[in-house]
Structure formats: C-alpha cells, structure tokens
Amino acid sequence: VQLQASGGGLAQAGGSLRLSCAASGRTFSSYGMGWFRQAPGKEREFVAAISWSGGTTYYANSVKGRFTISRDNAKNTVYLQMTSLKPEDTAVYYCGATPRVSILAMKAVNQYDYWGQGTQVTVSS
C-alpha cells in the first residue's frame, strides 16, 4: 500500500482544514487507517484512527470533538476534517495503514506497516 497525504496548509486559529490520504492498491479496504502528527522536537503522536469498515473511530483527547476521521473505500481515501484549529495543532500530519483490527491498538505508531509522506499544518494565533 502506498499512501499520499495532502490538504495541509496555513489556517488561522478557529479555522478548518481537511486532510486527505489517497492509497494505492486493491487491499486498502482491509486496513485500519490512522492519522498521526509530529511537531518539531517532539515524537509522533496519535490523532485519530478508523477501522477497515469505517464503523469504528477513535480520537486522541486533544482533538476529540474538533476532528473527524472518515474513509471512502470506493475511492481508497481516508480523510481528517479538522475544525476549531488551535496553534498547538501545528505539526506535520501523517497517515498510516495498519493490519490491526483493534481500534485501541491503532493508537500505537509501531502498529502501522505503511506511512504517507506527511503534510504540514500550520495554525496561526
């Protein structure tokens, strides 16, 4: 599976952005998908995950109620809709694909087999 993230950019605090992650390969629908982010000098941290069917989602507490993860298996794409953005959301955002079924397991960086290249999100105050 090859992943291509896009949609990052500059937003003002309180604004919105939508990230997309397009996957190649016929097995996309069999993978759980996650979004992570990494700020300068910090470790990559979990943001959100979605099961292979899209029926189950899980969010980091820091983004719950503001971000929404979704997927369209017909388009081999996973999305991250980000609203009420804060300066602390500034980071490079990565999408990943995992064969794990447990949504809780999808919180861990080391459970992902494939990663996209990352897209920069910058939120100004």
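Everything here concerns the structure above.
Residues numbered from 1 in each chain as written. Predicted model: local features only at pLDDT ≥ 70, side-chain atom pairs only at ≥ 80, totals over all residues. Heavy atoms only, no water.

Caption draft 1: Geometry of the state of the cysteines. The final tally for this structure, using the stated rule, is 1 disulfide. With its sulfur 2.1 Å from that of its partner, Cys-21 forms a disulfide with Cys-95. Because the sign of the S-S torsion sets the handedness, a value of about 65° for the bond joining Cys-21 and Cys-95 places this disulfide among the right-handed ones. One end of the pair, Cys-21, is in strand β3 (residues 17-24); the other, Cys-95, is in strand β9 (residues 91-98), with 74 residues separating them in the sequence. (Disulfide = S-S within 2.5 Å. Helix = DSSP H or I, 4+ residues; strand = E, 2+ residues; numbered from the N terminus.)

Caption draft 2: Local environment of the packing of aromatic side chains. Applying the stated criterion to the full structure yields 6 aromatic pairs. For the pair Phe-36 and Phe-46, a centre-to-centre distance of 5.6 Å together with 75° between the ring planes defines the contact as edge-to-face. With Phe-36 in strand β4 (residues 32-38) and Phe-46 in strand β5 (residues 45-50), this residue pair connects regions lying 10 residues apart in the sequence. Since its relative accessible area comes to 0%, Phe-36 is described here as buried. Looking at Phe-46, the relative accessible area reads 9%, which means it is buried. Ring geometry for Phe-36 and Trp-115: centres 5.2 Å apart, planes at 75°, overall edge-to-face. Within this pair, whereas Phe-36 is found in strand β4, its partner Trp-115 is found in strand β10 (residues 114-115), the two being separated by 79 residues in sequence. Taken together, the ring pairs in this structure connect Phe-36, Phe-46, Tyr-58, Tyr-112 and Trp-115 into an aromatic cluster. For Arg-44, the ring lying beneath its charged end belongs to Trp-115, and the centroid distance is 4.7 Å. (Phe/Tyr/Trp six-rings, centres within 6.5 Å; stacked < 30°, edge-to-face > 60°. Buried < 20%, exposed > 50% of the residue type's maximum accessible area, 1.4 Å probe, protein only. Lys NZ or Arg CZ within 6 Å of the ring centre and 35° of its normal.)

Caption draft 3: Molecular detail of the nonpolar core. Of all hydrophobic cores here, the largest spans 35 residues; its most connected members are Met-33, Trp-35, Leu-80, Met-82 and Tyr-93. Here this core gets 5 residues from one element, more than from any other, and that element is β5. (Core = buried A, V, L, I, M, F, W, Y, C linked by side-chain atoms within 4.5 Å.)

Caption draft 4: Seen up close, unusual backbone geometry. Of note in the backbone geometry, Asn-76 takes a positive phi value of approximately 55° without being a glycine. With respect to the helices and strands, Asn-76 occurs in the loop between β7 (67-72) and β8 (77-82). One non-glycine residue, Ser-84, lies in positive phi territory at about 50°. Residue position: Ser-84 is located in the loop between β8 and β9.

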